[in-house]
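Each chain, letter by letter, is given below.
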Amino acid sequence: MNELFYGLITGVIFGFLLQRARVIRYDKQIGALLLKDMTIVKFMLTSILVAMVGVYLLVDLGLAKLSLKATILGGNVIGGLIFGVGWGILGYCPGTQMGALGEGRWDALWGILGMIIGAALFAEVYPILKTTVLTWGDFGKITIPQIIGVNHWPVIAVMVILGVLLFRWFEKKEL
């Protein structure tokens, strides 16, 4: 029950931050897709960098365990294409469409309906995918530090530095 409560609290906080950052606005979504407004990219990059540092800190302190999913290029590429087409057509990604619905934008219901239908279709064709698409380019449970054979902290430091430089470049270009 605690996990459900923590999930609810985390979801409410994330939704609040999405709304405050204005990333659930249609114009911000389309601006990101057209590479004209990097608000969403900056928001997500900040989330990823903070999570990267936080998760590995918790793992190193023994307070959490890393649970990796396998890197399967077939599933990632096809899933990414489906995600991108849906985002481009609707103007919302899954998280932002839930926030948009919370703000009363009923057009987001089409995306939610699409997610439900997509999940049902995926469940139906999973046995076929398991022996085809989900075997293409299966690299197993890997991380960048494992691939290059170094501790994770130097990789995290490089990613944070690159993220900060990217932020500065976006601000200079007023994106």
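Please refer to the structure higher up on the page.
Residues numbered from 1 in each chain as written. Predicted model: local features only at pLDDT ≥ 70, side-chain atom pairs only at ≥ 80, totals over all residues. Heavy atoms only, no water.

**A short note on the pattern of salt bridges**
Between side chains of opposite charge, pairing is possible as soon as their charged atoms come close. To be explicit about the condition: Here, a salt bridge means any Lys or Arg side-chain nitrogen found within 4 Å of an Asp or Glu carboxyl oxygen. Type-normalised accessible area, obtained with a 1.4 Å probe on protein chains alone, sets the label of each residue: buried when under 20%, exposed when over 50%, and partly exposed for intermediate values.
As enumerated under the stated definition, the model contains four salt bridges in all. A salt bridge links D37 to K28, with the shortest nitrogen-to-oxygen separation between them at 3.2 Å. Both residues of the pair, D37 and K28, belong to the buried class. Across the salt bridge formed by R105 and E103, the nearest N and O atoms sit 2.1 Å from each other. Put simply, R25, E103 and R105 are held in one network by salt bridges that share partners.

**Side note on the packing of aromatic side chains**
Note the threshold: Put simply, two rings from Phe, Tyr or Trp (the six-membered ring, in Trp's case) pair if the centres are within 6.5 Å, and we call them stacked under 30 degrees between planes, edge-to-face over 60, tilted for the rest. Each helix is a run of H or I in the DSSP string that is no shorter than four residues. Each strand is a run of E no shorter than two, and both are numbered from the N terminus.
Applying the stated criterion across every chain, the model contains five aromatic pairs. Centre to centre, the rings of F14 and F43 are 6.2 Å apart; their planes meet at 45°, and the pair counts as tilted. On the criterion of sequence distance, the pair formed by F14 in helix α1 (residues 2-20) and F43 in helix α3 (residues 39-60) is long-range, its members being 29 residues apart. Classification of F14 as partly exposed rests on a relative accessible area of 35%. On the accessibility criterion, F43 (15% relative accessible area) is buried.

**Re helix α5 (residues 94-102)**
Spelled out, the test is: The directions considered for the arc run from the helix axis to the C-beta atoms. What makes two residues a contact is simply this: any of their non-hydrogen atoms within 4.5 Å.
Along α5, the positions that sit buried rather than exposed are T96, Q97, G99 and A100. When α5 is viewed along its axis, its buried side chains cluster within an angular range of 160° and face the same direction. Structurally, α5 contributes buried residues whose contacts are with α1, α2 (26-33), α4 (73-90) and α6 (108-131). Of the residues one or two after α5, G104 is the one with positive phi, at around 95°.

**Focus on α2**
For α2, the complete set of buried residues consists of K28, Q29, G31 and A32. Projected down its long axis, α2 shows its buried positions confined to an angular sector of 165°, all on one face. In this structure, the buried residues of α2 make contact with α3, α4 and α5.

**Remarks on the environment of T39**
Applied cut-off: Whenever two N or O atoms come within 3.5 Å, that pair is a polar contact, provided that in protein one can donate a hydrogen and the other can accept it, and provided that, for residues adjacent in sequence, both atoms are side-chain atoms.
By the element assignment, T39 lies in helix α3. Separated by 27 residues in sequence, T39 and V12 have C-alpha atoms that sit 20 Å apart. Not counting residues up to four positions away in its chain, the partners in contact with T39 are A21, V23 and K28. Looking at T39, its side chain comes within polar contact range of the side chain of K28, at 3.5 Å.

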